[in-house]
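Each chain is listed here by its residues.
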Amino acid sequence: MVSDNKHQVVIIGGGFAGLNTALHLKKSTANVTLIDKQNYHLFQPLLYQVATCGLSPADIATPLRHILRKQKSTNVILGEVTDIDTEKNLLQLKDGVITYDSLVVCCGSVNHYFGNDSWKKHAPGLKTIADALNIRGKILRAFETAERETDSSKIEAHLTFAIVGGGTTGIELAGAIKEIATDTLKNEFRKIQSASARIIIIEGAPNVLPTYPEKLSRKTLDTLYSMNIEVATGSYVTSLDNTRVVIRINGTDEIILANNIIWAAGVRAHPFAEKLARSTGLTLDEWGRLNVEEDLSLSGHPNIFVIGDMANCTGADGQP
């Protein structure tokens, strides 16, 4: 960071919130420092395309330094913030410390396994490029492994894809995997029929896309059915491993034999929110978010702003 008498603005996170904050400070007289543990801005909505072979990682990742290259008062630091001291206006990094006058925290969110973090190794989520490449490999290996299998029941398990979560990510993944099975890989194999792959979406709410208008949910469900994608709404995962997922529907457990389980069942605020809450004495909501004021600052800390997935900004209707 530049050491002078100018106001020091530090932004943690180079996602949509952090990057746009930096861009809007282009004409500011302050020194701006953007910190991210990756040196690129990731267009997360298209991660599913990387996971399903539609795009390469370079198509959705742009170097932060390149985006901000014309802003001479903006500095980009590749690093990870590990702790904060709000009394001293100090950030602890893995390899040093940085002070700030104003702080903008936008670390985003992480996959939420609802207290079952052991499921992560069996059911990867989709938040990073590494996640996308892992899922891509998992999908392609499933067809290759099935081609070499002789046991019909094992072939079926290899070609069963269980997606936990019926939100946008889950639906996008389901549709893209179906396209791979019925179109991309059509006639590519000698023994298996790739189009026979079973894809099932597991959603705890009564409808898919539960946060969207009911009309859109119904239309989406009709489209999924027309693609022969199964949907189990009102279903909750009770256990899973690398060969099966157990769901509870109306009090009854059902076992789905699947060697491919993908987690898209929701997110919670980045764990850094807990450290910020501890340093400020504030509390978190049930999704790990910090309650913010109308200007997105923290109560009692007007120089700290929390934006994006880490912030719970209550509207006039009392809802986030």
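Relevant structure appears above.
For the structure given in this document, a descriptive report is provided here. (Residues numbered from 1 in each chain as written. Predicted model: local features only at pLDDT ≥ 70, side-chain atom pairs only at ≥ 80, totals over all residues. Heavy atoms only, no water.)

1. Some remarks on the packing of aromatic side chains
Here comes step 1: Overall, the coordinates contain six aromatic pairs when judged by the stated rule.
Here comes step 2: On the numbers, 5.8 Å between centres and 35° between planes, the contact of F143 with F161 is tilted. Note that F143 is positioned in helix α4 (residues 129–148) and F161 in strand β11 (residues 160–164), a separation of 18 residues in sequence.
Here comes step 3: Arranged with centres 6.3 Å apart and planes meeting at 25°, the rings of F143 and F189 form a pair that is stacked. A residue pair is termed long-range when its members are at least 10 positions apart, and F143 in helix α4 and F189 in the loop between α6 (168–184) and β12 (198–203) qualify at 46 residues. (Phe/Tyr/Trp six-rings, centres within 6.5 Å; stacked < 30°, edge-to-face > 60°. Helix = DSSP H or I, 4+ residues; strand = E, 2+ residues; numbered from the N terminus.)

2. So, helix α7 (residues 214–226)
Here comes step 1: Over its 13 residues, α7 runs 18 Å from end to end, which matches the ideal 18 Å to within 8%, given 1.5 Å per residue.
Here comes step 2: Buried within α7 we find S217, T220 and L224. Looking down the long axis of α7, one finds its buried residues gathered within 65° of arc, a one-sided arrangement. Turned more than 90 degrees away from the buried face of α7 sit K215, K219, D222 and S226, all of them exposed.
Here comes step 3: Where α7 is buried, its residues contact α6, β12 and β13 (230–233).
Here comes step 4: One or two positions beyond α7, positive phi appears at N228, with a value near 65°. (Expected span 1.5 Å × (residues − 1). Buried < 20%, exposed > 50% of the residue type's maximum accessible area, 1.4 Å probe, protein only. Arc of directions from axis to C-beta. Contact = heavy atoms within 4.5 Å.)

3. A few points about a positive patch on the surface
Here comes step 1: Residues K26, K27, R69 and K70 make up a contiguous surface patch of positive charge.
Here comes step 2: Here K26 is to be found in the loop between α1 (16–24) and β2 (31–36). (Patch = residues over 30% accessible without salt bridge, like charges linked within 9 Å, V, L, I, M, F, W, Y side chains within 5 Å. Areas by Shrake-Rupley, 256 points an atom, 1.4 Å probe, with all protein chains shown as cover. Salt bridge = Lys/Arg side-chain N within 4 Å of Asp/Glu carboxyl O. Lys, Arg positive; Asp, Glu negative; His and termini not counted. Charge placed at Lys NZ, Arg CZ, Asp CG, Glu CD.)

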